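Listed below are the residues making up each chain.
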Amino acid sequence: MKCGTVAVVGKANAGKSTLVNALVGEKVSIVSPKPQTTRDRIYGVLTTDEYQIVFEDTPGVYKAAGLLNSRMQKTVERTARDTDVILFVLDGHEGLKDDDLTLLGKYTKIGAPVIVALTKTDIMPKDALPEELVAVAAVEGVNEIVPVSARKRRNTLELLSAILKYLEESDYVFNPDAVSDKSEKFMIAEIMREKILVGYDKEIPHGVAVTVNKFEQRPNGIYDVDLDIVCEKSNHKAILIGKGGKALKETSTIAREAMERFLGAKVFLKTYVKVKENWRDNEALLKDYGYETNKD
């Protein structure tokens, strides 16, 4: 049996979480087209009779001020330096830029084998692929390059085969039935945050945290979920709630339906919006909301 960890790193919006979900075959990370969607390291576990691969989905490499973002970037660095394989995800659709290759070169110097997944090939111009493959291959220290489409599940088996080349024989570290290290309660909060990221514009989603105050299952199988949506400004609260509460009601309905699909059961959801100014730069509040800065 083979077993090992794979740090999934790359720029924000490169498609890391979508790829991890596709490889694991389950939703273990939320997805949106906005930076800072993933705020912590999330394990996605793929287990077969022959191997167990532990994918470590990390926050996107993203330049932004603030204590929360600083902590996120430290999480990326720590994860990449303590792994068996680095899976560097590049957005092929956007076209490669010099800083993409510079960032890739930074990770090839760490010492772990580096596999590059060139993503979103289903929506990129076909004539651009050969040029991008040549550019990536020119970066010293790249061990493998696999063009993939997570959305179409294209070349995902080839990517798994490339990863397995660099994993050693070892006992499994997770229960074979596990698909993530995160609890259902954690995922419920993330689902709510995902729907806010998708449903609201501009800076509102980035200043939002979600905390679950109640997560209980009744004898009849229904889940009772009470959660707080924490934002940074009073006008943000007004936007989140919307006129007559319409925006919050619509977003909560979409989130509840997603929670029910995830849990496989009915959900009775209550949502509240609270204001905590500048919580992203408040170490005590970061800890309260699950972003423990002292872990770095």
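Residues numbered from 1 in each chain as written. Predicted model: local features only at pLDDT ≥ 70, side-chain atom pairs only at ≥ 80, totals over all residues. Heavy atoms only, no water.

Student: Provide a residue-level description of the pairing of strand β5 (residues 114–119), including the pertinent values.
Tutor: Within β5, 6 of the 6 residues are buried, which leaves the element mostly enclosed by the surrounding structure. The side-chain alternation of β5 yields two buried faces, one formed by Val114, Val116 and Leu118 and the other by Ile115, Ala117 and Thr119. Looking at chain direction, strand β4 (residues 85–91) and β5 are connected through 6 bridges and run parallel. Within β5, the residue paired with leucine 90 across the bridge is leucine 118. Note on the crossover from β4 through helix α3 (residues 98–108) to β5: the handedness is right-handed. As paired strands, β5 and strand β6 (residues 142–147) are joined by 5 bridges and run parallel to one another. When the sheet's bridge partners are listed, isoleucine 115 is paired in β6 with glutamate 144. Note that the unit made of β5, helix α4 (residues 129–137) and β6 has a crossover that is right-handed. (Buried < 20%, exposed > 50% of the residue type's maximum accessible area, 1.4 Å probe, protein only. Helix = DSSP H or I, 4+ residues; strand = E, 2+ residues; numbered from the N terminus. Pairing = 2+ DSSP bridges. Right-handed = clockwise from strand over helix to strand, strands pointing away.)

Student: Could you give an account of the side chain of serine 29, with specific residues and numbers?
Tutor: Within the secondary structure layout, serine 29 lies in the loop between α1 (16–24) and β2 (42–47). Judged by relative accessible area, serine 29 falls into the buried class, the value being 1%. Separated by 2.8 Å, the side chains of serine 29 and aspartate 57 make a polar contact. Residues in contact with serine 29, not counting those within four places in the same chain, are Ser17, Asn21, Ile42 and Asp57. (Polar contact = N/O pair within 3.5 Å; in protein donor to acceptor, adjacent residues only side chain to side chain. Contact = heavy atoms within 4.5 Å.)

Student: So what about the pattern of salt bridges? Which residues, and what values?
Tutor: What the rule picks out here adds up to 14 salt bridges. Arginine 151 is the salt-bridge partner of aspartate 122, the closest N and O atoms lying 2.6 Å from each other. Taken together, the residues span a long stretch of sequence, with aspartate 122 in the loop between β5 and α4 and arginine 151 in the loop between β6 and α5 (156–164) at a distance of 29 residues. Its salt-bridge partner being aspartate 228, residue lysine 274 comes within 3.2 Å of it at the nearest N-O pair. In this pair, lysine 274 is assigned in strand β10 (residues 267–275) and aspartate 228 in strand β9 (residues 223–231), connecting sequence segments 46 residues apart. The class for lysine 274 is partly exposed, based on a relative accessible area of 40%. Classification of aspartate 228 as buried rests on a relative accessible area of 7%. (Salt bridge = Lys/Arg side-chain N within 4 Å of Asp/Glu carboxyl O.)

Student: So, helix α8 (residues 246–263): which residues are in play, and what are the values?
Tutor: The terminal C-alpha atoms of α8, which comprises 18 residues, lie 26 Å apart, in line with the 26 Å expected from a rise of 1.5 Å per residue. Lining the buried residues of α8 we find α6 (184–199), β8 (209–217), β9, α7 (234–241) and β10. (Expected span 1.5 Å × (residues − 1).)

Student: Which residues make up the packing of aromatic side chains, and what values go with them?
Tutor: With the rule as written, the count across this model stands at 4 aromatic pairs. Ring geometry for tryptophan 279 versus tyrosine 289: centroids 5.6 Å apart, planes at 75°, classification edge-to-face. Taken together, the residues tryptophan 279 in the loop between β10 and α9 (283–288) and tyrosine 289 in the segment after α9 connect sequence positions 10 residues apart. Of the two residues examined, tryptophan 279 and tyrosine 289, each falls in the buried class. Positioned over the ring face of phenylalanine 186 is lysine 182, at 4.8 Å from the centre of the ring. (Phe/Tyr/Trp six-rings, centres within 6.5 Å; stacked < 30°, edge-to-face > 60°. Lys NZ or Arg CZ within 6 Å of the ring centre and 35° of its normal.)

Student: How would you sum up unusual backbone geometry? Please name residues and give values.
Tutor: We note that lysine 120 has phi near 60°; this positive angle belongs to a residue other than glycine. The backbone of asparagine 155 sits at a positive phi, close to 70°, despite the residue not being glycine. Locating asparagine 155 in the fold gives a position in the loop between β6 and α5.

Student: I'd like to hear about the packing of α7 against α8, residue by residue, with values.
Tutor: Where α7 meets α8, the closest approach of the two axes is 5 Å, and the angle between their N-to-C directions is 60°. Every residue of α8 that contacts α7 at Ile239, Leu240 and Ile241 is listed here: Lys246, Ala247 and Leu248. Partitioned by chemical class, the residues of the contact of α7 with α8 number 5 nonpolar, no polar and 1 charged. (Axes fitted to C-alpha atoms, helices over the stretch in contact; angles between N-to-C directions. Nonpolar A, V, L, I, M, F, W, Y, C, P; charged D, E, K, R; others polar.)

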